[in-house]
Structure formats: C-alpha cells, structure tokens
Amino acid sequence: MKKNIFKTLIASVAALVCVVVCGVTGNVNVAAKADVGDVYTQNFTSVSEVNNDFTAYYQTAMGASNVMMEVVSDENGYGNWYLKDGALIRKPMDEDISSSFGTESFATLTLTKRTYVNFELTVDYKRDGGTYYWPVVAFRQSEPGQYFLEDGLGVFVQRDGKTTMWGGEGVGGPYESSSRGGYVDGVWHTLKIRVEGISVNVYVDGEATPSLSRALPTNMFRQGYTTLTSVNNACAFRNLSI
C-alpha cells in the first residue's frame, strides 16, 4: 500500500515538473528565455523556419481580438506577411491598408521561440512611402501578437526621420527625437535598440550616439516577447539579429 502511494506521489511530481520545466500544456509552447551571449538571427529566406520561430497575427484595432495567421511564400498567398529576396513584407489583404484606418490595422510577427530581458537588437526596415504610418519593433511584451500600446512598448522612425518611442502600461509617449536631416523615406534603414534594465537607447543607420534614450518605468523591467509590427503600412524588414 505504501509503495503504491509512493509511486503515485512520484508520478504526480514528475508530471508537475514536466508542466513547469517543459512549459507545455496541451499544444501551447512557452518560449525559452534567451541565455546571455545567445544571439538569434533571421534572414527571412525560409518560410518554414520563420513560421516555426515566429507567430503572425492580424488585429483590426486596439482592443479587438487578434487572428493568428501564417507567413506565406509569395504575395499571392493568404496572409498579411510574405517573404521575398530575404525580406519580410506586409502586403495589403482584403483592403486592410487604407487611409481610413488611421493608426489601426496591425499586422504583427512575434518571435515566440525566445523571450528577452536585456538585449541588443538590430534590424533593417523600410517604410512604404505610398501607404500609411509605420514599421515598429515592439518588445518586453507579456503576450504574443499584442499591439505595442496595449502591451509593452514600441520603437519606430517616422517619415521625417524622427525616432519615436511609445507604449502603454505607464511607458507613455510618444517620445520623439528631432527630425533627422537628409533622412530619405521609403528606402532601407537600420535600427538598433539596446535595452539594459530600464534603460533604452535607439540608434539609426549606424550613428555613434543614440538618437533617442529613455528610462522605462520599473514595472517594465521584465522578460518579454519581441514583435515586428506593421501599423497600416506595406513595410518590410530584413536581417534581424537579437
């Protein structure tokens, strides 16, 4: 009798450890925390690799539910994101990019394979000058697929070259740098974001000093997801490194 009770107890503990350590409940996988010195890179050439590491979503407006999507291999596929020549590109789908949407109509791609506390991220971005609003990098998000004003915060560059930081949960904003002389909209640029504790420094196109620096509220010192976001814009990203 005692042996049976002992075996049952061991089995229960083992199952609990599996749930906590493996991070699996049903088919929901919990992202692994990135180790120090562990660099993730993505060149956006393999659809299967991107869909394995990321999860794509679409959200019509703040507060609306998001719909899980997949990244597709060409612009004729059914999805908000497709890959072409080493770039991740948002495409209009069902007329979901329009001036009538303002700063709504969000396509997001969350790196669900890993989460981060402190990190240095670099990515190339290209804002589409023929459509609206911004390509955004969001981070320290509690859940995948969330808009950065509802969860975490986001960094982006406006068409006039103003580096901008904006967020919810006490982050506030938008905080903007001055306009950047000679900045050309609609071409490739490089964004670097360095996050350490509650300090965020943002660099554009290899500049030696940050164009924008902010201290976050203490509640934002946390592990979280990182998301590439299109806010009502046919933008593109490439060469991601974290």
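Residues numbered from 1 in each chain as written. Predicted model: local features only at pLDDT ≥ 70, side-chain atom pairs only at ≥ 80, totals over all residues. Heavy atoms only, no water.

Peer 1: Could you give me a rundown of the overall build of the protein chain, with the residues and numbers involved?
Peer 2: Per the secondary structure count, the protein chain includes 2 helices and 19 strands. Expressed as a percentage of its 242 residues, the buried residues of the protein chain come to 48%. Counting only contacts in the protein chain whose residues sit at least 6 apart along the sequence, the fraction spanning at least 24 positions is 63%. (Helix = DSSP H or I, 4+ residues; strand = E, 2+ residues; numbered from the N terminus. Buried < 20%, exposed > 50% of the residue type's maximum accessible area, 1.4 Å probe, protein only. Contact = heavy atoms within 4.5 Å.)

Peer 1: A description of the nonpolar core should follow, citing residues and the corresponding values.
Peer 2: Counting 43 residues, the largest nonpolar core has W81, L88, L109, L191, I193 and F237 as the members making the most contacts within it. Setting aside residues no more than four positions away along its own chain, L109 makes contact with F44, V50, F54, T55, A56, V71, W81, L88, T226, T227 and L228. (Core = buried A, V, L, I, M, F, W, Y, C linked by side-chain atoms within 4.5 Å.)

Peer 1: So what's going on with the side chain of S105? Which residues, and what values?
Peer 2: Tracing the backbone through its elements, the reader meets S105 in the loop between β8 (87-90) and β9 (106-116). Excluding its chain neighbours within four sequence positions, the residues that come into contact with S105 are Y58, Q59, T60, R90, D96, S230, V231 and N232.

Peer 1: Residues and numbers for the confidence of the model for the protein chain, please.
Peer 2: Of all residues in the protein chain, 88% attain a pLDDT of 70 or more, and the chain-wide mean is 89. Per-residue pLDDT stays below 50 along residues 1-28; that stretch engages in 8 contacts with residues further than four places along the chain or on separate chains. (pLDDT = per-residue confidence, 0-100.)

Peer 1: Quick rundown of the environment of G206? Include the residues and the values.
Peer 2: Turning to its location among the elements, G206 is positioned in the loop between β16 (199-204) and β17 (212-215). Judged by its relative accessible area of 71%, G206 is exposed. Note: C-alpha distance between G206 and H189 (17 residues apart in sequence) is 9.4 Å.

Peer 1: Any details on the pattern of salt bridges? Residues and values, ideally.
Peer 2: Evaluated as defined, the whole model comprises 11 salt bridges. Linking D38 and R114 is a salt bridge whose minimum nitrogen-to-oxygen distance equals 3.2 Å. Taken as a pair, D38 in the loop between β3 (32-33) and β4 (41-42) and R114 in strand β9 lie far apart in primary sequence, 76 residues in all. Given a relative accessible area of 31%, D38 falls into the partly exposed group. Judged by relative accessible area, R114 falls into the buried class, the value being 16%. A single network of salt bridges, built from pairs that share partners, joins D151, E169 and R222. (Salt bridge = Lys/Arg side-chain N within 4 Å of Asp/Glu carboxyl O.)

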